[in-house]
Amino acid sequence: MDEMKLPFYAKSTLILLGLYILTLIIFYGQSIIIPFVFAIILTILLSPVKEFFERRKLPSLLAIALTVLCAILIVSLIFYFIASQLAQFSEALPLFKQKLFQLLVEFQSWLEATFKITSAKQVTYLKQAGNNFFQNGGAMVGTALSALTGVLVIFAILPVYVFVLLLYKPLFVNFFIQVFENDGSKPVSSNKVADILSSIKLVIHSYLVGLLIEASIIAVLNSVGLLILGIDYAILLGVLGAILNVIPYVGGLIAITLPVIIAFATKDGLVYPLAVIGVYLLIQFIDNNIIVPKVVASKVKINAVISILAVLIGGALCGVSGMFLSIPGVAILKVIFDKIDSLRPWGNLLGDELPEQKGRKFN
């Protein structure tokens with residue numbers, strides 16, 4: 001049977017309708033979808049570990065169990081390190097409160113001298129702001145507790161997801177091969193489906209390993225820079241900055257805020273906060289121009305426009321989790337588009353390679 005060809009406007013309408021339905025599914029089902037997607041990514045990352053244990057003649061179930069236990073141990077050690085650093089940070093909270101109160105008094109005096117706003121008016125404005133905050137405080141606390149509960153549920157269920165995905169991975173791979181091979185409209189050969197799945201695995205694995213290497217380098221650079229400046233809790237701030245930096249485009253800006261506040265609260269004058277900003281901007285320059293192109297971007301060929309749009313859309317749909325998952329998601333789409341002839345123009349659109357202009361030139 002000949003394939004029915006639709007005009008461009010009909011195809012565009014169907015594509016937009018499909019994207020709208022997909023967006024609704026992601027938005028309303030994110031509590032189920034996001035943990036499962038994270039589990040898929042972790043499964044891809046941990047597959048070489050499982051294969052390592054299997055090459056040592058261990059049974060499949062034991063190899064999977066050891067793989068999951070190793071992942072849990074590594075994550076637990078990271079959280080233990082951060083928690084121990086935060087415990088030290090909490091011991092200095094009274095000093096921070098005293099310093100911040102002193103800075104607040106100086107700021108009030110500056111406002112009164114510069115803008116002629118008396119201390120009484122400033123107190124009135126603060127009371128109004130405080131009343132508005134406490135009126136909405138219940139909803140904010142409820143939202144925060146709900147988000148914390150969601151994070152705990154994700155961490156509790158992730159090991160189970162990863163275990164069953166590692167166990168039944170051949171079943172899922174065979175399912176995709178059979179579905180596309182037996183597609184009546186335009187079947188895809190089993191070799192091509194296997195090639196697509198292998199390419200997706202390679203891209204995601206390389207991207208995640210690149211992110212881990214980048215985060216480690218940034219953590220060292222942040223910590224060394226803050227130690228040179230003599231900022232308190234330099235290692236904690238450096239590690240937190242590296243973790244935030246994993247979020248594309250947004251995390252690096254957020255990571256600067258906390259060390260600047262610490263420098264402002266613990267050091268005299270503006271020299272140290274400005275020095276922290278300068279150090280972090282230098283590290284961001286090194287990261288964006290040397291580390292990311294060599295370590296991360298070489299694994300995922302996506303242009304900057306698509307990357308920024310993907311991060312913004314992911315953040316609007318699923319918050320921070322959506323921001324993190326947006327780049328791997330687009331990378332998967334690009335692999336699929338590049339491997340299927342009819343979708344190759346979309347793959348080119350997502351990529352960062354500029355086409356050679358032949359004949360007419362468009363300005």
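Residues numbered from 1 in each chain as written. Predicted model: local features only at pLDDT ≥ 70, side-chain atom pairs only at ≥ 80, totals over all residues. Heavy atoms only, no water.

Caption draft 1: Here's a closer look at the overall build of the chain. Helix and strand content of the chain: 13 helices and 0 strands. Mapped in sequence order, the helices and strands of the chain form the string α-α-α-α-α-α-α-α-α-α-α-α-α. The proportion of buried residues among the 363 residues of the chain is 31%. Sequence-distant contacts in the chain: of pairs separated by 6 or more residues, those separated by 24 or more amount to 66%. (Helix = DSSP H or I, 4+ residues; strand = E, 2+ residues; numbered from the N terminus. Buried < 20%, exposed > 50% of the residue type's maximum accessible area, 1.4 Å probe, protein only. Contact = heavy atoms within 4.5 Å.)

Caption draft 2: Structural view of helix α9 (residues 234–245). The terminal C-alpha atoms of α9 lie 16 Å apart, and with 12 residues this matches the ideal 16 Å at 1.5 Å per residue to within 8%. Of the positions making up α9, those classed as buried are A234, L236, L237, G238, V239, G241, A242 and N245. (Expected span 1.5 Å × (residues − 1).)

Caption draft 3: Seen up close, the side chain of N245. Mapped onto the elements, N245 comes out in helix α9. Among the polar contacts listed, one links the side chain of N245 to the side chain of Q284, at a separation of 3.0 Å. Leave out the neighbours within four places in its chain, and N245 touches E214, I218, G251, G252, Q284 and D287. (Polar contact = N/O pair within 3.5 Å; in protein donor to acceptor, adjacent residues only side chain to side chain.)

Caption draft 4: Seen up close, the environment of S326. With respect to the helices and strands, the residue S326 is situated in helix α12 (residues 304–339). Put simply, S326 and G315 are 11 residues apart on the chain and 8.4 Å apart in space, counted from C-alpha to C-alpha. When neighbours within four sequence positions are excluded, S326 is seen to be in contact with A310 and V311. Of note is the side chain of S326, whose polar atom sits 2.7 Å from the backbone oxygen of M323.

Caption draft 5: Local environment of the pattern of salt bridges. In this structure the tally under the stated criterion is 3 salt bridges. A salt bridge links E54 to K50, with the nearest nitrogen and oxygen atoms 2.9 Å apart. Linking E54 with K50, this pair stays in helix α2 (residues 30–55), spanning 4 residues, or about one helical turn. Residue classification places K50 among the buried positions, given a relative accessible area of 10%. Close ionic contact of K201 with E51 constitutes a salt bridge, the shortest N to O distance being 3.4 Å. Of this pair, K201 sits in helix α8 (residues 190–229) while E51 is found in helix α2, placing the two residues 150 residues apart along the sequence. Its relative accessible area of 31% is what places K201 among the partly exposed residues. (Salt bridge = Lys/Arg side-chain N within 4 Å of Asp/Glu carboxyl O.)

Caption draft 6: Representation of helix α10 (residues 251–266) in the model. For α10, with 16 residues, the first-to-last C-alpha span of 24 Å sits near the 22 Å given by 1.5 Å per residue. Within α10, burial applies to G251, G252, A255, I256, P259, V260, I262, A263 and A265.

Caption draft 7: Structural detail: the packing of α2 against α12. α12 packs onto α2 with a crossing angle of 35° between their chain directions and a minimal axis gap of 11 Å. Like other packed secondary-structure pairs, α2 and α12 cross with a definite hand, here left-handed. Across from Q30, I34, V37, F38 and I41 in α2, the residues of α12 making contact are L317, C318, S321, F324, L325 and P328. Tallied by class, the residues present in the contact of α2 with α12 amount to 9 nonpolar, 2 polar and no charged. (Axes fitted to C-alpha atoms, helices over the stretch in contact; angles between N-to-C directions. Left-handed = near helix turned anticlockwise from the far one by under 90°. Nonpolar A, V, L, I, M, F, W, Y, C, P; charged D, E, K, R; others polar.)

Caption draft 8: Representation of empty space enclosed by the protein within the structure. Counted according to the given criterion, the structure contains 1 cavity of 30 Å³ or more. One number sums up the size of the largest cavity: a volume of about 30 Å³. I218, N222, G241, N245, A255, Y280, I283 and Q284 are the residues that line the largest cavity. Of all the elements in the fold, those that place two or more residues in the lining of the largest cavity are α8, α9 and α11 (271–296). (1 Å grid on protein atoms, 1.4 Å probe; cavity = no way out; pocket = protein on both sides within 12 Å on 5 of 7 lines; lining within 4 Å. Points joined across faces, edges and corners; volume = space filled by probe spheres on them.)

Caption draft 9: Local environment of the nonpolar core. With 38 residues, the main nonpolar core has V300, I302 and F324 as its most contacted residues. For this core, the elements supplying multiple residues, two or more each, are α2, α3 (60–91), α6 (137–167), α8 and α12. No other element matches the 13 residues that α12 contributes to this core. The residues touching F324, leaving out its near neighbours within four places in the chain, are F38, L208, L211 and V246. In terms of nonpolar packing, the next biggest core, distinct from the first, is built from 23 residues, I218, L226, A265 and I291 among them. (Core = buried A, V, L, I, M, F, W, Y, C linked by side-chain atoms within 4.5 Å.)

Caption draft 10: A look at a nonpolar patch on the surface. On the surface, I157, V160, V164, Y168, L171, F172, F175, F176, V179 and F180 cluster together into a nonpolar patch covering about 860 Å² of accessible area. Breaking the nonpolar patch down by element, the ones donating at least two residues are α6 and α7 (169–181). Considering every element that reaches the nonpolar patch, the biggest residue donor is α7, with 6 residues. Along the chain, V164 falls in helix α6. Accessibility expressed as a relative area gives 32% for V164, which makes it partly exposed. (Patch = residues over 30% accessible without salt bridge, like charges linked within 9 Å, V, L, I, M, F, W, Y side chains within 5 Å. Areas by Shrake-Rupley, 256 points an atom, 1.4 Å probe, with all protein chains shown as cover.)

Caption draft 11: Looking closely at the packing of aromatic side chains. Per the stated rule, a full pass over the model turns up 3 aromatic pairs. Seen from their ring centres, F27 and Y28 are 5.1 Å apart, and the 85° between their planes marks the pair as edge-to-face. Taking the relative accessible area as the measure of exposure, F27 reaches 38% and is therefore partly exposed. (Phe/Tyr/Trp six-rings, centres within 6.5 Å; stacked < 30°, edge-to-face > 60°.)

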